[in-house]
Amino acid sequence: MAFYKDAPNHHPHKTNYAAQGSWDDEGTHYRDNSGSRRFGPDQDRRGQGSDQYRSGYKANHYRDGRADFSGSNDRRSQYGAKDNRHGDRPAKNGYRPARQPQDGARTYRDFEHRTQEAPRMAPAPVKPAPVKAVPVAVVPAVPENLLSGRNPIREAIRSGRDIEKLLVQRGELSGSAREIVQMAREHHIIVQEVEKSRLDEITPHHQGMLAFASAYQYATVESMLDTAQQRGEDPFLILLDGVTDPHNLGAIIRTAECVGAHGVIVPERRSVGLTPAAVKASAGAVEHMKVARVTNLNRTMEELKRQGIWTYAVTMDGEDYQKVDFHGGVALVIGAEGDGISRLTLENCDYRVSLPLEGSIDSLNASVAAGVMMYRVLASRKA
């Protein structure tokens, strides 16, 4: 058995149990690393220390935190009354006081109140992915009077069907194409050479050749004169020079039928024929009005003069239409709106008549001018 007083490295500040008249083994009063066990005769069987340790430390430190730690050596004393780091407010029961917010600063209570009262934002709608449009090939509308292919065109010419014009691909005049072109020229059909792209724009199935058939059957000038003779009337004809608008042609045919004219004559070139648009614009008048197509308009005028028919050119520098006497056979010559009547045709006419213009516009629509003149002829005959 050894006593601390006999130890060579004895420290006088430690408790000398030998001087107090008690005995102890060496190392009996040392703590372990955790500082929660005490060795010696006061250690109970569960290693909880003596009654004084349990009644002192545990009672003061674990009883609802109400013990006063001021003056103790415990590390929590730094948050107590001795160390008030957050202001002059004294510590309460050894705990750190609440930090005081500064003026205008938001507190946790304010944020909690705001989050509870703020309405919940609805989720943003999900924008559907755009659907990629599939390109659709645009097929051009095929005219009703279109003839495509070499065999249909050949048979239409052989049967005597009226053809407005024949379009032939440039460089394709060989074999059967040359034969069809020769037949078209013998029947006084207009033949026009165009590029392949022009034919492709109309229809992809053309075999290098397209033809536009007339929407209605043409008559002859002789049949018109026969109709006037059968009615016992003086011939009344309308000749169109350079009118290319199908709507004007349809309107003129309609007015001619209303005034009782015997026919409308158009040239093969530089003029519109009986296309579907012209037939539609006539509003059914083409069923009752004869329309003839001639190769040379001036030659036809010479033939009409031999039949005793007077030709009247409607121009801007002619005689006032109200002063002209339209008795006997009459052939009114109507020109295009822009170019008017051609020079040679104008020189072959017997008279020139005009309509008075009092406004700022110096010309009338071709179908309107023809309508006014036709009703003037009708009124003159009835007088």
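Going by the structure above, here's the rest.
Residues numbered from 1 in each chain as written. Predicted model: local features only at pLDDT ≥ 70, side-chain atom pairs only at ≥ 80, totals over all residues. Heavy atoms only, no water.

Help me out: how do you make sense of the environment of serine 354 in this one?
Residue classification places serine 354 among the buried positions, given a relative accessible area of 8%. Residues serine 354 and methionine 316, spaced 38 residues apart in sequence, show a C-alpha to C-alpha distance of 5.2 Å. The residues contacting serine 354, other than those within four sequence positions of it, are Thr315, Met316, Asp317, Gly318, Glu319, Asp320 and Tyr321. A polar contact is formed between the side chain of serine 354 and the backbone oxygen of glycine 318, at a distance of 2.9 Å. (Buried < 20%, exposed > 50% of the residue type's maximum accessible area, 1.4 Å probe, protein only. Contact = heavy atoms within 4.5 Å. Polar contact = N/O pair within 3.5 Å; in protein donor to acceptor, adjacent residues only side chain to side chain.)

Explain the pairing of strand β2 (residues 163-169) to me, please; I cannot follow it from the model alone.
Successive side chains on a regular strand alternate, one facing one side of the sheet and the next facing the other. Of all seven residues in β2, six are buried; the element is thus mostly enclosed. Here β2 runs beside strand β4 (residues 209-213); their pairing, made up of five bridges, is antiparallel. Bridge assignment links valine 168 to a residue of β4, and that residue is methionine 209. Examined bridge by bridge, β2 and strand β3 (residues 190-194) share five bridges and lie parallel to one another. (Helix = DSSP H or I, 4+ residues; strand = E, 2+ residues; numbered from the N terminus. Pairing = 2+ DSSP bridges.)

Explanation requested: the pattern of salt bridges in the structure shown.
Opposite charge on two side chains makes pairing possible when the charged atoms of those side chains draw close. One pass over the full model with this rule turns up eleven salt bridges. The closest approach of N and O atoms between arginine 293 and glutamate 164, which form a salt bridge, is 3.1 Å. Of this pair, arginine 293 sits in strand β7 (residues 291-294) while glutamate 164 is found in strand β2, placing the two residues 129 residues apart along the sequence. Neither arginine 293 nor glutamate 164 differs from the other in exposure class; each is buried. Among the salt bridges present, the one from aspartate 241 reaches arginine 270, with a minimum N-O distance of 3.5 Å. (Salt bridge = Lys/Arg side-chain N within 4 Å of Asp/Glu carboxyl O.)

The analysis is restricted to geometry; functional conclusions fall outside its scope.
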